[in-house]
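Read off the chains here:
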Amino acid sequence: MLRPLGVLGPLLPAVGWGAMPLSVPPRPTEVESGALIEAFLDLGLRFVDTADVYCTDDGDLGHNERLIASALREHPRRSEVFVATKGGLRRPGGDWVEAGSPLALRRACEASLRALGVEQLALYQLHAPDPAVPFADSVGELFRLREAGKIARVGLSNVSAVQLAEACALGPVASVQNRLNPLDLSAAEDGVLAACERLGVAFIAYSPVGGREERAEVLANPVLNAIGARLGVGPGTIALSWILTLSSNCFVIPGASRLSTYQASVAAMHLTLSTADVHALDTEFRVFWRQV
Ligand SMILES: NC(=O)c1ccc[n+]([C@@H]2O[C@H](COP(=O)([O-])OP(=O)(O)OC[C@H]3O[C@@H](n4cnc5c(N)ncnc54)[C@H](OP(=O)(O)O)[C@@H]3O)[C@@H](O)[C@H]2O)c1
């Protein structure tokens, strides 16, 4: 299933894979992770989301990118795999701290190029605005990196509609990656999702199954479970399929550290929910703003 809008629409499947669970604690061994990524690739994985900070601390930066590079190196379909990464955070002592100065971003970009073993990053996303750095300075540096050929496309993450507009005034923005799942629809309610659709910017929903905090509650939801039971799939598949209905330029990047969850997520791409099921889920998750 491809998404009709924006520069990423023709390039990416609607369901990608968020690789974070392989590099933050508790994480599998590198051998286990390598085997898992290869299995995902064999199942057709073509869109991976990573970041330099998917690791344990500042001494481990690039862990997730190196895992992906290593699995791709020998893979016959490596040229078909779109790897999106991010810069703009650090992990001192395992915390998540903004580091969005132009110099920090330039160094992070160079480190990601080395970790991924490529000459150009397909999509480089500002992980989060840094309150200590003017937003235009951080984004401006990404556009300079693009002009220098280090990155092919500029993306943003954890931004507001106002910040998206500010970035678009500086140059072409390919994507916004914000949190979006059935229990956290703030990106749909605060105007970012609609702004992306209007501007032809891809919206990449992170933690689409609820992330660490809300995943158990999402997967226990009775409406998701009832629809899933009727259609022969799990509640996670229904949640992803429904999130994809919220906007025609929405992509989802569910995390997975098991083959079975990855397969459950890919199934969302091949499922079309009926109008009645979409309506039932809209009611359950209080989506009253959809125009049908
Ligand atoms: N930009 C940002 O600031 C930001 C923040 C957070 C995350 N992200 C990105 O978004 C990705 C996903 O977010 P996330 O890992 O926080 O949350 P998530 O995708 O909502 O949940 C991940 C967990 O849910 C399980 N799961 C995934 N798909 C499922 C399905 N179809 N059915 C049942 N269970 C399923 C997986 O379990 P198993 O591990 O057991 O397979 C996985 O570990 C990350 O990997 C990362 O790439 C970005």
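Attention here is on the structure that accompanies the text. (Residues numbered from 1 in each chain as written. Predicted model: local features only at pLDDT ≥ 70, side-chain atom pairs only at ≥ 80, totals over all residues.)

### Describing the overall build of the protein
Next up, step 1: Secondary structure summary: the protein contains 12 helices and 10 strands in total.
Next up, step 2: Computed over C-alpha atoms, the radius of gyration of the protein comes to 18 Å, within 12% of the 19 Å expected from 2.2 N^0.38 for 292 residues, which places it in the range of a compact globule.
Next up, step 3: Each of the three principal axes of the protein carries a C-alpha extent, and together these read 50 × 45 × 35 Å.
Next up, step 4: Split into buried and exposed, the 292 residues of the protein put 48% on the buried side. (Helix = DSSP H or I, 4+ residues; strand = E, 2+ residues; numbered from the N terminus. Rg over C-alpha atoms; globule rule 2.2 N^0.38 Å. Buried ≥ 20, exposed ≤ 12 C-beta atoms within 10 Å, placed from the backbone.)

### Concerning the site of the ligand
Next up, step 1: For the ligand, the set of nearby residues contains 31 residues, the closest of which are Gly-18, Met-20, Gly-236, Gly-255 and Thr-261.
Next up, step 2: When the residues that make up the shell around the ligand are grouped by side-chain class, the tally is 12 nonpolar, 16 polar and three charged. (Near = placed C-beta within 6 Å. Nonpolar A, V, L, I, M, F, W, Y, C, P; charged D, E, K, R; others polar.)

### As for helix H9 (residues 222-231)
In an α-helix, one turn spans 3.6 residues, which is why side chains three or four residues apart end up on the same side.
Next up, step 1: Among the residues of H9, Leu-224, Ile-227 and Gly-228 are the ones counted as buried. For H9, the angular spread of buried residues about the axis comes to 100°, placing them on one side. Opposite the packed face of H9, turned more than 90 degrees from it, sit the exposed residues Pro-222, Ala-229 and Arg-230.
Next up, step 2: Against the buried residues of H9 lie helix H8 (211-219), helix H10 (235-245) and helix H12 (275-284).
Next up, step 3: Downstream of H9 by one or two residues, Gly-232 has phi in the positive range, about 75°. (Arc of directions from axis to C-beta. Contact = placed C-beta atoms within 7 Å.)

### Here's the deal with the pairing of strand E7 (residues 154-157)
Next up, step 1: Of the two faces of E7, the one lined by Val-154 and Leu-156 and the one lined by Gly-155 and Ser-157 are each fully buried.
Next up, step 2: Pairing geometry for strand E6 (residues 123-126) and E7, over three bridges, is parallel. In the sheet register, Gln-125 faces E7, and the bridge partner there is Gly-155.
Next up, step 3: Once you follow E6 into helix H4 (residues 135-147) and on to E7, the crossover reads as right-handed.
Next up, step 4: Examined bridge by bridge, E7 and strand E8 (residues 173-179) share four bridges and lie parallel to one another. Looking at E8, one finds that Gly-155 is bridged to Ser-175.
Next up, step 5: Assessed by its sense of winding, the connection that carries the chain from E7 through helix H5 (residues 161-170) to E8 is right-handed. (Pairing = 2+ DSSP bridges. Right-handed = clockwise from strand over helix to strand, strands pointing away.)

### Examining the sheet that holds strand E2 (residues 47-49)
Next up, step 1: Taken in spatial order, the eight strands line up as E1-E2-E3-E6-E7-E8-E9-E10 in an open sheet, and their pairing is parallel. What marks the edges here is a single partner per strand, and that holds for strand E1 (17-18) and strand E10 (250-252).
Next up, step 2: Note: strand E9 (residues 202-206) against E10, three bridges, orientation parallel. What sits directly across from Ala-205, in E10, is Val-252.
Next up, step 3: Sheet contacts for H5: E7 and E8; angle to E8, the most-contacted strand, approximately 165°. (Axes fitted to C-alpha atoms, helices over the stretch in contact; angles between N-to-C directions.)

### Section: the pairing of E8
Next up, step 1: In terms of residue burial, E8 counts as a mostly covered element, since six of its seven residues are buried.
Next up, step 2: Alignment of E8 against E9, held across five bridges, turns out to be parallel. Across the sheet, Arg-179 pairs through a bridge with Tyr-206, a residue of E9.

### Looking at the environment of Leu-43
Next up, step 1: Topologically, Leu-43 is positioned in the loop between helix H1 (30-42) and E2.
Next up, step 2: The class for Leu-43 is exposed, based on 12 C-beta atoms found within 10 Å.
Next up, step 3: A sequence separation of 219 residues divides Leu-43 from Tyr-262, and the C-alpha atoms of the two residues are 9.3 Å apart.
Next up, step 4: In contact with Leu-43, not counting residues within four places along its chain, are Tyr-262, Gln-263 and Val-266.

### Digging into helix H11 (residues 259-266)
Next up, step 1: Among the residues of H11, those classed as buried are Tyr-262, Ala-264, Ser-265 and Val-266.
Next up, step 2: Residues of H11 that are buried sit in contact with E1, H1 and H10.

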